[in-house]
Amino acid sequence: MTDPRADHLTRFQPSGEEALAQKPIAVFLPKELDQYVRMKPNRAEWLRGAIAEAARRELMQE
């Protein structure tokens, strides 16, 4: 059996007070973007922020 990652208890926990959805959303990125995003120190938080910003921009256009 493989050992769990060291961050397995905190990996998907929010850093803020906002509640998270029950299921994660997963997407495949183009290779160049994938490398960039994976270099981020806290990529889950960065991705949440990037998605939230894009969604807010779209909602303001409606």
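Refer to the preceding data block for the structure.
Along every chain, residues carry numbers that run from 1 in the direction the sequence is written. Selection of residues for local features in this predicted model requires a pLDDT of at least 70, selection of side-chain atom pairs for listing and counting requires 80 or more, and totals for whole chains, interfaces and linings are taken over all residues. In computing side-chain properties, one takes all heavy atoms of the structure into account and sets aside hydrogens as well as water.

Asks: For this particular structure, what's the right way to read the overall build of the protein chain?
Replies: Helix and strand assignments come from DSSP, with helices taken as H or I runs of at least 4 residues and strands as E runs of at least 2, each series counted from the N terminus. Helix and strand counts for the protein chain come out as 2 helices and 0 strands. Per-residue burial for the protein chain yields a buried fraction of 2% across its 62 residues. For the area figures, the Shrake-Rupley method with a 1.4 Å probe applies, and any residue is considered shielded solely by the protein chains shown. Carbon and sulfur atoms form 57% of the exposed surface of the protein chain, whose accessible area is close to 6,500 Å². Classification of residues uses two cut-offs on accessible area relative to the type maximum, computed with a 1.4 Å probe and protein chains only: under 20% is buried, over 50% is exposed, and between them is partly exposed.

Asks: What should I look at first to understand the pattern of salt bridges in this one?
Replies: Two side chains carrying opposite charge are able to pair once their charged atoms lie near each other. Each reported salt bridge corresponds to a side-chain nitrogen of Lys or Arg within 4 Å of a carboxyl oxygen of Asp or Glu. Under the counting rule described, the total for this entry stands at 3 salt bridges. Across the salt bridge formed by Arg-57 and Glu-53, the nearest N and O atoms sit 3.0 Å from each other. Here Arg-57 pairs with Glu-53, and both are found in helix α2 (residues 43-61), just 4 residues apart, close to one helical turn. Since its relative accessible area comes to 43%, Glu-53 is described here as partly exposed.

Asks: When you look at a nonpolar patch on the surface in this model, what are you seeing that I'm missing?
Replies: Patch membership requires over 30% relative accessible area and the absence of a salt bridge. Like charges are linked within 9 Å, and nonpolar side chains (Val, Leu, Ile, Met, Phe, Trp, Tyr) within 5 Å. A contiguous nonpolar surface patch, about 520 Å² in accessible area, is contributed by Tyr-36, Met-39, Trp-46, Leu-47 and Ile-51. On the secondary structure map, Ile-51 appears in helix α2.

Asks: Any chance you could explain the packing of helix α1 (residues 31-38) against α2 here in plain terms?
Replies: Any two packed helices are characterised by how steeply their axes cross, that is the angle between the axes, and by the distance between the axes. Their axes nearest at 9 Å, the elements α1 and α2 cross at an angle of 120 degrees. The orientation of α1 with respect to α2, classified from their angle, is oblique. Along the contact surface, α1 presents Tyr-36, Val-37 and Arg-38, while α2 presents Arg-43, Trp-46 and Leu-47. Under the convention adopted here, Pro, Cys and the residues Ala, Val, Leu, Ile, Met, Phe, Trp and Tyr are nonpolar, Asp, Glu, Lys and Arg are charged, and Gly plus all remaining residues are polar. Looking at the contact of α1 with α2, its residues break down into 4 nonpolar, no polar and 2 charged. A fitted line through C-alpha atoms serves as each axis, taken over the contacting stretch for helices, and the angle formed by two N-to-C directions is quoted from 0 to 180°. With respect to orientation, any angle under 35 degrees is reported as roughly parallel, any angle over 145 as roughly antiparallel, any angle of 65 to 115 as roughly perpendicular, and every other angle as oblique. By definition, residues are in contact when any of their heavy atoms lie within 4.5 Å.

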